[in-house]
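Remarks on the overall topology
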Amino acid sequence: QVQLVESGGGSVQAGQSLRLSCTASGYTTEASCMAWFRQAPGKEREGVARIDRIGKTTYADFVKGRFTVSRDNAKNTLYLEMAGLTSDDTGMYYCAARAAGYSCYAQSVFDGMAYWGKGTLVTVSS
């Protein structure tokens, strides 16, 4: 059975940095497509960053230049480095992974995501 567990969330001041981690079990991160999503209170879940099977990354415009997604396959862990945080970045952050055989470049970043973590909360205060 596949499990994804996020960690690293917390409360920080605007302008500060934070690193989130997503550790996978029953799943191999290498040669895969994984992504980070977030959901602010009262809003819909949205894609944040994605990394494909060869390490190519893609970012939402609202985090480009501030966030960096990476992975350590030896540790079976996905990371999201967040810098220059603002109150707009507040929300629950989720890690997700696509099932084998699905394209990493579907019309929606949500397409094909078969596995999801329960999320880690990030709160940015001014």
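In this report, the structure presented in the accompanying data block is examined. (Residues numbered from 1 in each chain as written. Predicted model: local features only at pLDDT ≥ 70, side-chain atom pairs only at ≥ 80, totals over all residues. Heavy atoms only, no water.)

Going through the model one piece at a time under the given rule, you end up with five salt bridges. Among the ionic pairs, Glu46 bridges to Arg38, the shortest N-O distance being 3.0 Å. Since its relative accessible area comes to 5%, Arg38 is described here as buried. Here Lys64 and Asp61 are joined by a salt bridge, their closest N and O atoms 3.3 Å apart. The pair Lys64 / Asp61 is uniform in exposure class, with both members exposed. (Salt bridge = Lys/Arg side-chain N within 4 Å of Asp/Glu carboxyl O. Buried < 20%, exposed > 50% of the residue type's maximum accessible area, 1.4 Å probe, protein only.)

The strands making up a sheet are joined through hydrogen bonds of the backbone, oriented either antiparallel or parallel. If you walk across this open sheet you meet the four strands as β1-β3-β8-β7, and the pairing is antiparallel. Strands at the two margins of the open sheet, each flanked by one partner only, are β1 (3–7) and β7 (67–72). In this sheet, adjacent strand axes meet at a mean angle of 15 degrees when their direction is disregarded. (Pairing = 2+ DSSP bridges. Helix = DSSP H or I, 4+ residues; strand = E, 2+ residues; numbered from the N terminus. Axes fitted to C-alpha atoms, helices over the stretch in contact; angles between N-to-C directions.)

Our focus in this paragraph is the state of the cysteines. For the structure shown, the criterion picks out two disulfides. Put simply, Cys22 and Cys95 are joined by a disulfide, and their sulfur atoms are 2.1 Å apart. One quick way to see it: the torsion about the S-S bond of Cys22 and Cys95 is about -70 degrees, and its sign makes the bridge left-handed. With Cys22 in strand β3 (residues 18–25) and Cys95 in strand β9 (residues 91–98), this pair connects stretches of sequence that are 73 residues apart. Here the two residues Cys22 and Cys95 agree in accessibility, since each one is buried. The disulfide partner of Cys33 is Cys104, and the S-S distance across this bridge is 2.0 Å. Disulfide Cys33-Cys104: the torsion about the S-S bond is 65 degrees, which places it as right-handed. (Disulfide = S-S within 2.5 Å.)

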